[in-house]
Every structure is written in structure tokens, then in C-alpha cells.
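Residue-level listing of the chains:
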Amino acid sequence: ALLSPQDNETLIGIKIQLDNQMLVATATELAPLYYKAANVYMLRGMKTEAIDCYKTILENFSDTALAPKAKTALEEAKTKLSTLEQEKAALEQEKATLDPMTQIKNKKAIENIIRTQMMEASENLSPIAIGFVDIDNFRDYNTKYGHLQGDDVICYVAHTLREMIPGSVGRNGG
């Protein structure tokens, strides 16, 4: 669930209050508050903030009963954050290989796939097939009906090819 601006301000306010109170309050009073704040951050998907709270418990309240729980929760939060970062990187890498309009492979990705498959076919002495499709009279269609309609045609053809052809399908044009 996303935070509303008020929720975010409230959590920031709690964190500031906790940081300021650390100078005067006892560990038994503050450690549970930091632990609760960290758990709220985790529930809201704010892993970095949760990690900061767990670290604060371990660094400043290591002698409390919550320290072992905080240590376990910190490791879990770090693992979750690392997994999310890896997934994000993989999605960004995947996105970099797709044509933004059609969501099929872009020219650079197709060139890499062809190069790889040609090398594998050469090593294994196996055949490969490469096909190219051109939409007849597309320029005339684009001129008559406009670029938005033309984009729809390109997307339709891309989707149809992706559904019908096993293997890689990409867009060379632009």
C-alpha cells in the first residue's frame, strides 16, 4: 500500500521524535518504539527506513530483549531489499531490450540473438531460420490514416507474430 503524504509525514515525525528522545529516554522505552516503527516501515514497503530502525536498535539498545529480534529482522529486511533490487535490475535490463511501442525485442536485442544463434548453429552444425516481415504499402496507410492508426497496425502485427512464432520476434524498423 502506498503512503499518503500525511502517513509519510507522520512516520517522519515519529522518527525525528525518536531520534531526539534518544538523548533523554531509556532504552526500555525507546527500543520497542523503534521496533514498531521498523515493522510499520516493512509493512509499507519502506525497507531502507526499516533497516535504519533495526540498526538503531542494534547500535544503541543492544542490551535490550529486542536486540536479537531486531538482528533477525534486519537480516530479513536486507535480504528482501537485495531481492527487490535484483528484480528491479532484471526488469530494467529486460526493458532495455524491448521496443517501447510493441513490447517485442528491439533491433539491438535481435542482433545479439541472431549473432548468438549463428555461433551456436555453427558450433553444432545445426540449421537456423531467420525471417523478416515487411508490411506492404504501410507508408500509404500511415499517410492516409495517420501515425496513431499506423502504430496500432504495427502493434497488432507484432503481437500476432509473437503469438504465432516460437522463438524470438523483434522490430527492426523505427
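This text follows the structure it describes.
Conventions adopted
- Residues numbered from 1 in each chain as written.
- Predicted model: local features only at pLDDT ≥ 70, side-chain atom pairs only at ≥ 80, totals over all residues.
- Heavy atoms only, no water.
- Helix = DSSP H or I, 4+ residues; strand = E, 2+ residues; numbered from the N terminus.
- Buried < 20%, exposed > 50% of the residue type's maximum accessible area, 1.4 Å probe, protein only.
- Contact = heavy atoms within 4.5 Å.
- Areas by Shrake-Rupley, 256 points an atom, 1.4 Å probe, with all protein chains shown as cover.
- Axes fitted to C-alpha atoms, helices over the stretch in contact; angles between N-to-C directions.
- Parallel < 35°, antiparallel > 145°, perpendicular 65-115°, else oblique.
- Left-handed = near helix turned anticlockwise from the far one by under 90°.
- Nonpolar A, V, L, I, M, F, W, Y, C, P; charged D, E, K, R; others polar.
- Phe/Tyr/Trp six-rings, centres within 6.5 Å; stacked < 30°, edge-to-face > 60°.
- Patch = residues over 30% accessible without salt bridge, like charges linked within 9 Å, V, L, I, M, F, W, Y side chains within 5 Å.
- Salt bridge = Lys/Arg side-chain N within 4 Å of Asp/Glu carboxyl O.
- 1 Å grid on protein atoms, 1.4 Å probe; cavity = no way out; pocket = protein on both sides within 12 Å on 5 of 7 lines; lining within 4 Å.
- Points joined across faces, edges and corners; volume = space filled by probe spheres on them.

Participant: Report on the overall build of the protein chain, specifying residues and quantitative values.
Facilitator: For the protein chain, the helix and strand inventory stands at seven helices and zero strands. Starting at the N terminus, the α and β elements of the protein chain follow one another as α-α-α-α-α-α-α. Each of the 174 residues in the protein chain was classed as buried or not, and the buried ones make up 25%. Sequence separation of 24 or more characterises 48% of the internal contacts of the protein chain that already satisfy a separation of 6 or more. With an accessible surface of roughly 12,600 Å², the protein chain has 56% of that area assigned to carbon and sulfur atoms.

Participant: Can you break down the packing of helix H3 (residues 47-60) against helix H4 (residues 67-96) residue by residue, with the values?
Facilitator: Relative orientation of the contacting elements H3 and H4 amounts to 155°, with a least axis distance of 9 Å. One finds that H3 runs roughly antiparallel with respect to H4. As for how H3 packs across H4, the hand of that crossing is left-handed. Residues Lys-47, Thr-48, Ile-51, Tyr-54, Lys-55, Ile-57 and Leu-58 of H3 pack against Ala-67, Ala-70, Lys-71, Ala-73, Leu-74, Ala-77, Lys-78, Lys-80, Leu-81 and Leu-84 of H4. For the contact of H3 with H4, the per-class residue count stands at 11 nonpolar, one polar and five charged.

Participant: Account for the packing of aromatic side chains, naming residues and giving values.
Facilitator: What the rule picks out here adds up to three aromatic pairs. Ring geometry for Tyr-34 against Phe-61: centres 6.0 Å apart, planes inclined by 45°, an arrangement best described as tilted. Placement of the pair is Tyr-34 in helix H2 (residues 27-43) and Phe-61 in the loop between H3 and H4, with a sequence separation of 27 residues. Here Tyr-34 and Phe-61 have matching classes, each one buried.

Participant: Before we move on, could you go through a nonpolar patch on the surface and cite the residues and values that matter?
Facilitator: Taken together, Met-118, Ile-128, Ile-130 and Phe-132 make up a surface patch of nonpolar side chains, about 430 Å² in accessible area. You can see Ile-130 is positioned in the loop between helix H5 (107-124) and helix H6 (138-145).

Participant: So, the pattern of salt bridges: which residues are in play, and what are the values?
Facilitator: Oppositely charged side chains can pair when the atoms bearing their charge come close. Evaluated as defined, the whole model comprises one salt bridge. The residue Arg-171 makes a salt bridge to Asp-99 at a minimum N-O spacing of 3.3 Å. Taken together, the positions of Arg-171 in the segment after helix H7 (147-164) and Asp-99 in the loop between H4 and H5 put the pair 72 residues apart, joining distant regions of the chain. Residue Asp-99 is classed as buried on the basis of its relative accessible area, which comes to 10%.

Participant: I'd like to hear about the layout of surface pockets, residue by residue, with values.
Facilitator: Each pocket or cavity is described by its volume, and for the largest pocket that value is around 940 Å³. Along the walls of the largest pocket sit 32 residues, with Gly-131, Val-133, Gly-170, Arg-171 and Asn-172 positioned nearest its centre. Mapped by element, the contributors of at least two residues to the lining of the largest pocket are H5 and H7. Here the element with the most residues in the lining of the largest pocket is H5; it accounts for six residues. Taken together, the residues that form the lining of the largest pocket break down as 19 nonpolar, eight polar and five charged.

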